[in-house]
Amino acid sequence: MARPRRPEDLAAQLLDAVAPRAKSLIITVYGDAVLPHGGSAWLGGLIDLMAHFGMSERIVRTSVFRLCKDDWLDNTQIGRRSFYRVTDSGTERFAAAERRIYAPLASAWDRGWDILMVPPNALDAEARDSLKRELLWQGFGAASPTVYAHPNCDEAAMHRLLAGLGVADKIVHMKATLDRAGGFGALRDLVRGCWDVDQLERDYAAFLDRFRPIWTALDAMETPEPRLCFVLRTLMIHDFRRILLRDPMLPQDLLPSDWPGQESRMLTRNLYRRLSAPSEAYLMSALTTANGPLPEAQPSFVSRFGGLTPVDQDSVGVA
C-alpha cells in the first residue's frame, strides 16, 4: 500500500490547483479567521500571513485598498501602522455567507418553496437586471423572466436584499408546497432547467479529489505543524466557499442519489475540526490589533459545522 503523501507537498499542489486571487483570498481570511477574533488586524501581520500563499506585499496592499473602496474593510492609522477592520456592510455580507458555509449537514426538506413574482412593468431594465443578479447569487432559480423560486432560501437575507434594492413593495412573495401526489420526476426536470446542477456536481467532485488526500495525510500525523494547518484550512474554505456560494442548496430529494455536495460538506467539516485548533494557535501568534494581541475567538466560532469538538474549544480558549 502506498504511503500517504506529506501534507506540505499536498499544500503546494493545492495552492496551484485552487489558484486564489489575492483580493478574494483576503476576504476568505477575514471571514473565516479574522472576524471571529474581532475583525481587525495590523496590515504588517496580514502581509506576513498572505506570504504563505505566494502573495507579495505589493499585491496585498493593493488588494486591501480595493477592499476598502468596496466597503469590505476600513483603515485606521495609528502612528506608522495601518489596521484594517471589517466594516458594518462587510460584517453583514460575511454573516449571510457564514450561515451557508458553516451550516450543519443538510436537514429534511418540508417540500416548501419561496416564490417571487415580478409584476409586468413593475421595474425598469436596470432594476430587473440587478434583481436577477442578486437573486441568482442567493440561490434562486429563474423559472421564467418574472418568476424566481427557491426550496430552501435564507428568508431573512432575501427580505434584506429586496429592501436594499428598493423593490420590496414591488415584488410578490408567495409560499408554495409541492403536491405530494405528483412525485419528483417533473420537478427534477424543472430544477435542471433553472440551475446548472451538472456543473455544480463536477465542481464538488473535483473538490473531493483535491481534499480527500489531505485527510489521509493528516490522519497519519500526530501533531501537524500549526502554520501548515492554517494554510490548509484557508485553502479548503476558500475553495469550498467558491463552489458553495453558487450552490442553491437544493434539497436531497431534488438531486441525484450520489450527489457529491453532501460529501463535500462532510469532508470540509471533518477537516475543519482537525485543523481548527493548530491553525487557531498559529493565527493568534501571527496577527495583532491596535489594542495588542488578537482577542480570543467569539463563542459562535465553536458552533461552526454543527459544533467543533471539545478539544477544539479548549484549544482556542473558548468556553
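How each quantity is defined
Residues numbered from 1 in each chain as written. Predicted model: local features only at pLDDT ≥ 70, side-chain atom pairs only at ≥ 80, totals over all residues. Heavy atoms only, no water. Pairing = 2+ DSSP bridges. Helix = DSSP H or I, 4+ residues; strand = E, 2+ residues; numbered from the N terminus. Axes fitted to C-alpha atoms, helices over the stretch in contact; angles between N-to-C directions. Contact = heavy atoms within 4.5 Å. Phe/Tyr/Trp six-rings, centres within 6.5 Å; stacked < 30°, edge-to-face > 60°. Buried < 20%, exposed > 50% of the residue type's maximum accessible area, 1.4 Å probe, protein only. Parallel < 35°, antiparallel > 145°, perpendicular 65-115°, else oblique. Left-handed = near helix turned anticlockwise from the far one by under 90°. Nonpolar A, V, L, I, M, F, W, Y, C, P; charged D, E, K, R; others polar. Patch = residues over 30% accessible without salt bridge, like charges linked within 9 Å, V, L, I, M, F, W, Y side chains within 5 Å. Areas by Shrake-Rupley, 256 points an atom, 1.4 Å probe, with all protein chains shown as cover. Salt bridge = Lys/Arg side-chain N within 4 Å of Asp/Glu carboxyl O. Lys, Arg positive; Asp, Glu negative; His and termini not counted. Charge placed at Lys NZ, Arg CZ, Asp CG, Glu CD.

> I'd like to hear about the sheet that holds strand 1 (residues 40–42), residue by residue, with values.
A sheet is described by the order of its strands in space; here 3 strands give the open sequence 1-3-2, paired in antiparallel fashion. Only two strands of the sheet have a single partner each, and these edge strands are strand 1 and strand 2 (73–78). Strand-to-strand twist of the sheet, defined as the mean angle between neighbouring strand axes without regard to direction, takes the value 25°. In this structure, strand 1 lies alongside strand 3 (residues 81–86), joined through 3 bridges in antiparallel fashion. Each residue of the ladder has a partner; that of Ala-41, found in strand 3, is Tyr-84. Strands strand 1, strand 2 and strand 3 of the sheet are contacted by helix 2 (residues 22–34), whose axis makes an angle of about 115° with strand 1. Strands strand 1 and strand 3 of the sheet are contacted by helix 3 (residues 43–51), whose axis makes an angle of about 85° with strand 1.

> Now, about the packing of aromatic side chains: what can you tell me, with residues and values included?
Applying the stated criterion across every chain yields a total of 11 aromatic pairs. For the ring pair Phe-53 and Phe-230, a centre distance of 6.2 Å and an interplane angle of 65° mean the geometry is edge-to-face. Here Phe-53, found in the loop between helix 3 and helix 4 (57–69), pairs with Phe-230, found in helix 10 (residues 226–244); they are 177 residues apart in sequence, far enough to count as distant. For Phe-53, a relative accessible area of 4% translates into the label buried. The class of Phe-230 is buried, set by a relative accessible area of 1%. Ring centres 5.9 Å apart and planes at 40° place the aromatic pair Phe-230 and Tyr-282 in the tilted group.

> Break down the packing of helix 9 (residues 197–219) against helix 11 (residues 260–286) for me, citing the residues and quoting the values.
Running from N to C, helix 9 and helix 11 cross one another at 30°; their axes reach a closest spacing of 9 Å. One finds that helix 9 runs roughly parallel with respect to helix 11. In the crossing of helix 9 with helix 11, the sense of the turn from one axis to the other is left-handed. Residue-level inspection shows Glu-201, Tyr-204, Ala-205, Phe-207, Leu-208, Phe-211, Arg-212, Ile-214, Trp-215 and Leu-218 of helix 9 in contact with helix 11, the latter providing Pro-260, Gly-261, Glu-263, Ser-264, Leu-267, Thr-268, Asn-270, Leu-271, Arg-274 and Leu-275. Within the contact of helix 9 with helix 11, the residues separate by chemical class into 12 nonpolar, 4 polar and 4 charged.

> Quick rundown of a negative patch on the surface? Include the residues and the values.
Taken together, the side chains of Asp-71, Asp-74, Asp-88 and Glu-92 present a region of like negative charge at the surface. Tracing the sequence through the fold places Glu-92 in helix 5 (residues 88–101). Here Glu-92 falls in the partly exposed class, since its relative accessible area comes to 48%.

The quantities given are spatial measurements derived from coordinates; they are silent on function.
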